[in-house]
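# Understanding the architecture of this molecule
One letter stands for each residue in the lines below.
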Amino acid sequence: MTKKKSGNKSIFKSSGFYFVLLYLLLTIAFIVQILTVNLLPMKFLIPIIVIIILLSLGMYYLQMGRHINKINKVLGKILIIILSVLLGFGNWYLYSTGSAFSRMTTRKDISVVSIVVMKDSSIEKVNDLNEKKLGIMSVGDIETQDKAMSDLKKDLGNEPTTAKYNSYKDFGDDLYEGKVDAILLNEGSRGMFEDNHSDFDQKTRVVKQYTYKSEAKDISKNVDVTKDPFNVYITGMDTYGTITTISRSDVNMIVTINPKTHQILMTGIPRDFYVPQTCQGNQSDKLTHTGIYGVECTISSVENFMGIDLNYYARVNFSSVVDIVDALGGITINAPFAFTTSAGLQIQKGDNNLNGYETLMFVRERKNLPDGDRERSRNQMRAFEAIINKAISPSIITNYSSIMNAVSGSFQTNMSQKEMTDFIKQQLNDMKGWDIKQIQVSGSGSTLYSPANGFNSYVMVPNEATVENAKKLIDKIDSGELITDEDVAYQNQLVSKAG
């Protein structure tokens, strides 16, 4: 009994025991995390686990083996320190990856409603609204506006005097002209003022904001993403900041992926496409306005219009583009011609190495492009393809942590974490490249009534031939056939004839 106690004491007094213990804990944590994140195919996973277990046994032997001399024990401690540092980094990368996937798959939506006044207004706080007139909208997201009105009544202690509007032009005009003292503005519709009040942000200020969080409905149509073709809808919101903020959908793209043929078809849809909208009683309006009502409205409206299922969506915004591209270390975009953006950025014909801000200027530009919004849609697809190519290149390894941080805060999808990891695992398993094709639908410009605006606005009336042929090409990908360059060229011909 005495010898046993003595043996235990000698183990705990040995510094080598604590080196081995630390290494063992890091090893266990690494194995648990690598299994939890579940990114590696079995052909990589099993050898890695076997190797780190054998290394653990080796480290134990170097410290606790009876016949190991002091020099080898010292060398063993140095080796344990080196391997522990590597395991520490490995654990951090795995933790960052798991956390990133978790944040990307959140279904939280945020709506922000502001009390807005002119910059020279005497109204400085909510109570100053007493006996003042407040403008409110009778179109748009009325449910959220009603919540804000209820909270405003509580803050004021009485019912505010209101004037209702069904036109954003009149809404802004009356604020500018002093016919109302303040307006209640859903921040998701701030961009509605760009047509008639382009200086709105400079001429006004916010007195108070009300923020509302909600759980978005699960509208995914799940498939086995490692075997079955699927459609992902890319919706780009015209806001900075948190990705969960509801706003207009200025980037609209259907990405059709066939994991068996390794072909991707990107179909760009102009923001001003005049389509029936499920959230506006199937009245036709600009596609961009669906974003004001939430991503569910955008998805259902496009599904009905195109006659296809959109299995998943991915939502990004202005900040997303900047953060993701910068985390990748910049991207290279091939431009078919030279132009200068409204912000003064010179784009040359051929390859352009762009950082995050420059990429945002590139994808937002339309006024200085010969084909306007159609060319902007093409540029958005060019940028998206450049991001994909950079993300699957070996350079991602050196920026992995920053990329995960950028993506997790700037990218939201309803694809489950398991579906994403299964898809990545399949890619790592076969290591095949992807053939990416780009097309778009088009139409002719017109001035028609916009229910969301409340007045006649510029819209793009869809050209049926471009839409129908795009559907055929999406069906072709879904059926396992390959899209050819001739297919793309024919769609481009249809687009050029559309107006």
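Let me sum up the structure you'll find in this document. (Residues numbered from 1 in each chain as written. Predicted model: local features only at pLDDT ≥ 70, side-chain atom pairs only at ≥ 80, totals over all residues. Heavy atoms only, no water.)

### Some remarks on the sheet that holds strand 8 (residues 263–268)
Strand order in the open sheet made by the six strands is 16-11-6-7-8-17, with mixed pairing throughout. For this open sheet the edge positions go to strand 16 (412–413) and strand 17 (435–440), each flanked by a neighbour on one side alone. As paired elements, strand 6 (residues 230–237) and strand 7 (residues 249–258) share eight bridges and run antiparallel to each other. Among the inter-strand pairings, N231 is bridged to a residue of strand 7, identified as T256. Strand contacts of helix 11 (residues 372–391): strand 6, strand 7, strand 8 and strand 17, with the helix running at about 165° to strand 17, the strand carrying the most contacts. Along the sheet, helix 14 (residues 464–478) makes contact with strand 6, strand 7, strand 8 and strand 17, crossing strand 7 at roughly 40°. (Pairing = 2+ DSSP bridges. Helix = DSSP H or I, 4+ residues; strand = E, 2+ residues; numbered from the N terminus. Contact = heavy atoms within 4.5 Å. Axes fitted to C-alpha atoms, helices over the stretch in contact; angles between N-to-C directions.)

### Focus on the nonpolar core
F230, V232, M253, V255, I257, I264 and M266 are the most contacted members of the largest nonpolar core, which totals 37 residues. At the level of secondary structure, the elements contributing two or more residues to this core comprise helix 2 (15–37), helix 3 (42–64), helix 4 (70–104), strand 6, strand 7, strand 8, strand 11 (312–317) and helix 11. Ranked by residues supplied to this core, first place goes to helix 4 with seven residues. Judged by nonpolar contacts, the second largest core, of 25 residues, contains I269, I299, M460 and I474. (Core = buried A, V, L, I, M, F, W, Y, C linked by side-chain atoms within 4.5 Å. Buried < 20%, exposed > 50% of the residue type's maximum accessible area, 1.4 Å probe, protein only.)

### Observations regarding the environment of K471
Mapping K471 onto the fold places it in helix 14. Residue K471 is classed as buried on the basis of its relative accessible area of 17%. Separated by 164 residues in sequence, K471 and G307 have C-alpha atoms that sit 7.9 Å apart. Here the side chain of K471 touches E468 through a polar contact of 3.2 Å, side chain to side chain. (Polar contact = N/O pair within 3.5 Å; in protein donor to acceptor, adjacent residues only side chain to side chain.)

### Some thoughts on the packing of helix 3 against helix 4
Each pair of packed helices gets described by two things: the angle between the helix axes and the distance between those axes. The N-to-C vectors of helix 3 and helix 4 enclose an angle of 145°; their axes lie 8 Å apart at closest approach. By crossing handedness, the relation of helix 3 to helix 4 is classed as left-handed. Residue-level inspection shows L55, M59, L62 and Q63 of helix 3 in contact with helix 4, the latter providing N72, K73, G76, K77, L79, I80 and L83. Its residues assigned to classes, the contact of helix 3 with helix 4 shows six nonpolar, three polar and two charged. (Left-handed = near helix turned anticlockwise from the far one by under 90°. Nonpolar A, V, L, I, M, F, W, Y, C, P; charged D, E, K, R; others polar.)

### Focus on the packing of aromatic side chains
Counted under the stated rule, the structure contains 13 aromatic pairs. Where Y168 meets F171, the ring centres are 6.0 Å apart and the plane angle is 85°; that geometry is what we call edge-to-face. Pair noted here: Y168 and F171 are both in helix 6 (residues 168–176), with a separation of three residues, about one helical turn. Taking relative accessible area as the criterion, F171 reaches 0% and is therefore assigned buried. For the ring pair F193 and F200, a centre distance of 4.0 Å and an interplane angle of 5° mean the geometry is stacked. For the pair shown, F193 and F200 are each scored as buried. Put simply, the rings of Y165, Y168, F171, F193 and F200 touch in pairs and so form one group of aromatic residues. (Phe/Tyr/Trp six-rings, centres within 6.5 Å; stacked < 30°, edge-to-face > 60°.)

### A look at empty space enclosed by the protein
A full pass over the atoms with the stated rule returns four cavities of 30 Å³ or more. By volume, the largest cavity amounts to about 100 Å³. Forming the boundary of the largest cavity are 14 residues, of which V139, D141, Q145, Y168 and N186 lie nearest the centre. Secondary-structure elements contributing two or more residues to the lining of the largest cavity are helix 5 (142–156), helix 6 and strand 4 (182–186). When residues in the lining of the largest cavity are grouped by element, the largest group, three residues, is from strand 4. Looking at the lining of the largest cavity residue by residue, the class counts come to nine nonpolar, four polar and one charged. In this structure, the second largest cavity spans a volume of roughly 50 Å³. Taken together, G191, M192, E194, D195, R248, R271, K286, T288, H289 and N453 form the lining of the second largest cavity. (1 Å grid on protein atoms, 1.4 Å probe; cavity = no way out; pocket = protein on both sides within 12 Å on 5 of 7 lines; lining within 4 Å. Points joined across faces, edges and corners; volume = space filled by probe spheres on them.)

### Here we look at a nonpolar patch on the surface
A cluster of nonpolar side chains, namely M42, I46, V50, I53, L54 and L57, defines an oily patch on the protein surface of about 570 Å² accessible area. Tracing the backbone shows I53 in helix 3. (Patch = residues over 30% accessible without salt bridge, like charges linked within 9 Å, V, L, I, M, F, W, Y side chains within 5 Å. Areas by Shrake-Rupley, 256 points an atom, 1.4 Å probe, with all protein chains shown as cover. Salt bridge = Lys/Arg side-chain N within 4 Å of Asp/Glu carboxyl O.)

### Details of the sheet that holds strand 4
The strand order across the open sheet built from five strands is 3-2-4-1-5, with neighbouring strands paired in mixed fashion. The sheet is open, and its two borders are formed by strand 3 (161–165) and strand 5 (204–215), each paired with just one other strand. The sheet shows a mean angle of 25° between the axes of neighbouring strands, taken without regard to direction. In this structure, strand 2 (residues 133–137) lies alongside strand 3, joined through five bridges in parallel fashion. Each residue of the ladder has a partner; that of M137, found in strand 3, is Y165. In the packing of helix 5 onto the sheet, the strands contacted are strand 1 (108–118), strand 2, strand 3, strand 4 and strand 5, and the crossing angle to strand 5 comes to about 120°. Taken strand by strand, helix 6 contacts strand 1, strand 2, strand 3, strand 4 and strand 5, and its axis lies near 145° from that of strand 4.

### Quick look at helix 9 (residues 318–327)
Most of helix 9 sits out of view: eight of its 10 residues are buried. Residues F318, S319, S320, V321, V322, I324, V325 and A327 constitute the buried set of helix 9. Phi turns positive one or two residues past the end of helix 9, at G329, with a value near 85°.

This is a description of form; function is not addressed.
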